[in-house]
Structure formats: structure tokens, C-alpha cells
Amino acid sequence: QVQLVESGGGLVQAGGSLRLSCAASGRTFNNPFMGWFRQAPGKEREFVARITWGTGSTYYADSMKGRFIISKDDAKNTVYLQMNSLKPEDTAVYYCAAARGPSNNAQSYDYWGQGTQVTVSS
């Protein structure tokens, strides 16, 4: 019943910015928590940020603080990830996901998008 579709990825030079979007359709949880994760080749899926849909409360991985901003648009059922001051190590496939509760663990998220590639060149 839930579909998540990421967009906005691409190639950007180090220091640049990208804005990722995650459009949600269908029914979600009563009190969903929306998260952004990323996964580089050969690495585990890494938590980036999450937002509580109902309240807008946000939480970030330490390495993202000050550079990334998660936000949402209720009318559009869309979650965003504004990424600034991008570094080559930010290169990964970025996924949005939905969970029933607050968690930084990918295992806790029940719905996933297909991902969008972000490549940061040096």
C-alpha cells in the first residue's frame, strides 16, 4: 500500500549541494517516521537522518549534522534531504524509508524506495 520514490540524485562536485526528494503514495503508518539512509558499494546501509511525520522532529547522524537537512511537505507527501557541502565520501545510493517508530537502524524500516544515486567528485 505504500510506495516511496526517491529523486534528485546526480553528479555534483565536492562542496556542492543536492536536494533529494522522497515522494510517498498510498497509506502509511498512523505515526510514521521517515528516514534517509545511504549505501556505498561494499558497505552497510548507513543511517543519515529521520523525521517524525506528525511533529516534524528531526534526528541526524553525527556525520551529517550541519550539512544535511531533512524536511517534509505534508501536502505533497514528500520528504526532502537537502545536502550541502558535499564530500566525495557522501557518494552512495540514497534511500528513503518508513518505520513505525524512531530508529536509526535500517532493519526497523518497513518500506523502502528504490534509491537515487549521488556521486560527489573531488
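This write-up is about the structure you can find in this document.

A word on the nonpolar core. With 35 residues, the main nonpolar core has Trp36, Leu81, Met83 and Tyr94 as its most contacted residues. When contributions to this core are tallied by element, the ones reaching two or more residues are β1 (2-7), β3 (18-26), β4 (33-39), β5 (46-52), β7 (68-73), β8 (78-83), β9 (92-99) and β11 (116-121). For this core, the leading source of residues is β9, giving six residues. With residues near it in sequence (within four places) discarded, methionine 83 still touches Gly16, Ser17, Leu18, Leu20, Arg67, Phe68, Tyr94 and Val118.

Glancing now at the state of the cysteines. Cysteine pairs can be linked by a disulfide, which is a covalent bond between their two sulfur atoms. A complete count under the given rule lists one disulfide for this structure. Each disulfide pairs two cysteine sulfurs, and for cysteine 22 the partner residue is cysteine 96, the sulfurs being separated by 1.9 Å. Its S-S torsion of about 65° marks the bond between cysteine 22 and cysteine 96 as right-handed, since a negative value means left-handed. Separated by 74 residues along the polypeptide, cysteine 22 in strand β3 and cysteine 96 in strand β9 bring together distant segments of the chain. Across the pair, exposure class does not vary: cysteine 22 and cysteine 96 are buried alike.

Cut-offs and rules
Residues numbered from 1 in each chain as written. Predicted model: local features only at pLDDT ≥ 70, side-chain atom pairs only at ≥ 80, totals over all residues. Heavy atoms only, no water. Core = buried A, V, L, I, M, F, W, Y, C linked by side-chain atoms within 4.5 Å. Buried < 20%, exposed > 50% of the residue type's maximum accessible area, 1.4 Å probe, protein only. Helix = DSSP H or I, 4+ residues; strand = E, 2+ residues; numbered from the N terminus. Contact = heavy atoms within 4.5 Å. Disulfide = S-S within 2.5 Å.

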